[in-house]
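What follows is each chain in one-letter form.
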Amino acid sequence: MPVTILIVEDELAIADSIAYALRTDGFVARHVTLGAQALQAMRGDGPAELPALVVLDVGLPDMNGFEVCRQLRQFCNAPVIFLTARSDEIDRIVGLEIGADDYVTKPFSPRELVARIRVVLRRLAPPAAPPAGPPAGRFDIRAAQARILYRSQVLDLTRYEYLLLKALCEHPGHVLSRAQLMDRVWADAPDTLERTVDAHVKSLRAKLRQVDPGDDPIQTHRGMGYSLAGT
């Protein structure tokens, strides 16, 4: 959606040149000639969209631009860029101290002013949201608690069922032979037969089906071993 910029300038030629440069760059330009009109516009009076930034001339017919900015800051934090025919340092300091975001001295290039507007808007824009991380997997290993969650539900596992499923989860998509699983899970029980792996896989599958009957994440590779589909 195009961003609206409010131009507060009583010299029509200058206002027209700024408005043209803004529209050429994709902005919506709104123009008023008096400070009171600017304050009214920034309060949101009327159907027009609230401007995102104010280009404010210091020398206005009804009030000083510095006073307009002081009043504006009482109810609005929209950025302000001052336009002035004077380049005195004291004017710059006063303008910045009362809440201006930039200061442009006449004569100036309208294209340069638009570039400054973009810089101010970009600087004040809220930080982009971090990119979303990968979607949560089916399994959530809580090693400190010796628990595994499947589809966000805690599985009621025996010690060896837990160690077996943990070994498969730590190598998703990898085929682990029965011998490899024996080394990882039953290292403290060297006399255990490899058929024990098959029995524990069978019991694991039964417990996983209780949670999600339509899912069978443990894959059998005949003559090779077992793997776990993407976690």
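In what follows, the structure referred to is the one given above.
Residues numbered from 1 in each chain as written. Predicted model: local features only at pLDDT ≥ 70, side-chain atom pairs only at ≥ 80, totals over all residues. Heavy atoms only, no water.

Asks: An account of the sheet that holds strand β8 (residues 153–154) is needed here, citing residue identities and associated values.
Replies: Spatial ordering of the open sheet is given by β6-β7-β8, a layout of three strands whose pairing is antiparallel. The open sheet terminates on both sides in strands that have one partner only, identified here as β6 (139–142) and β8. Pairing geometry for β6 and strand β7 (residues 147–150), over four bridges, is antiparallel. Its bridge partner lying in β7, Ile141 is registered against Ile148. (Pairing = 2+ DSSP bridges. Helix = DSSP H or I, 4+ residues; strand = E, 2+ residues; numbered from the N terminus.)

Asks: Hey, could you go over helix α5 (residues 110–124) for me, with residue numbers and the actual values?
Replies: Taking 1.5 Å as the rise per residue, α5 with 15 residues should run 21 Å; its terminal C-alpha atoms sit 21 Å apart, in good agreement. Looking only at α5, the buried set comprises Leu113, Val114, Ile117 and Val120. All buried residues of α5 fall inside an arc of 120° around its axis, so they share one side. Along α5, exposed side chains directed more than 90 degrees from the buried face belong to Arg111 and Arg122. (Expected span 1.5 Å × (residues − 1). Buried < 20%, exposed > 50% of the residue type's maximum accessible area, 1.4 Å probe, protein only. Arc of directions from axis to C-beta.)

Asks: Could you give me a rundown of the sheet that holds strand β2 (residues 28–32), with the residues and numbers involved?
Replies: Sheet strands pair by backbone hydrogen bonding; their relative direction is either parallel or antiparallel. In space, the five strands of this open sheet follow the order β2-β1-β3-β4-β5, with parallel pairing throughout. Sheet topology places β2 and β5 (102–105) at the edges, where each strand pairs with a single neighbour. Within this sheet the neighbouring strands show an average axis-to-axis angle of 20°, counted without direction. (Axes fitted to C-alpha atoms, helices over the stretch in contact; angles between N-to-C directions.)

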